[in-house]
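Each chain, letter by letter, is given below.
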Amino acid sequence: MGELIELHERQAARERAQRRRTEHLDLEKAVALMRASLASAAAELPLAPPAAHPELLDRIERLVAMIRYGMQMIGHPPDRTASDA
């Protein structure tokens, strides 16, 4: 009986580890997508009319914040350069 419980616990641990790996890969994909969106918004900025700049800058600021948060969730250390300035 004890062996059955131990096998069940090992299987549950393997399933949890697999979910963490999958979540980590999903987070990395999401951060990559946000980086691409950030690059696109930054490329639009110099070409956009001045009236569109506030909306583009808001989008850029939100993307930067989400990328930082996503990187922290992945396990990268927080970027201290922005807060040190």
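For the structure, check the block above.
Residues numbered from 1 in each chain as written. Predicted model: local features only at pLDDT ≥ 70, side-chain atom pairs only at ≥ 80, totals over all residues. Heavy atoms only, no water.

Asker: It is not clear to me how the overall build of the protein chain should be interpreted in this structure. Could you clarify?
Answerer: Along the protein chain, the regular secondary structure elements total three helices and zero strands. When the helices and strands of the protein chain are placed in sequence order, the string is α-α-α. Burial analysis of the protein chain (85 residues in total) assigns 13% to the buried set. (Helix = DSSP H or I, 4+ residues; strand = E, 2+ residues; numbered from the N terminus. Buried < 20%, exposed > 50% of the residue type's maximum accessible area, 1.4 Å probe, protein only.)

Asker: Honestly, helix α2 (residues 53–74) in this entry has me stumped. Any pointers?
Answerer: Think of an α-helix as 3.6 residues a turn; residues three or four steps apart then line up on the same face. Between its first and last C-alpha, α2 extends 31 Å over 22 residues, near the 32 Å set by a 1.5 Å rise per residue. Within α2, burial applies to Leu-56, Ile-60, Leu-63, Ile-67, Gly-70 and Ile-74. All buried residues of α2 project into a common sector of 95° when viewed along the axis, lining one side. Turned more than 90 degrees off the buried face of α2, the exposed positions are Glu-61 and Tyr-69. Immediately downstream of α2, the backbone of Gly-75 shows phi near 120°, a positive value. (Expected span 1.5 Å × (residues − 1). Arc of directions from axis to C-beta.)

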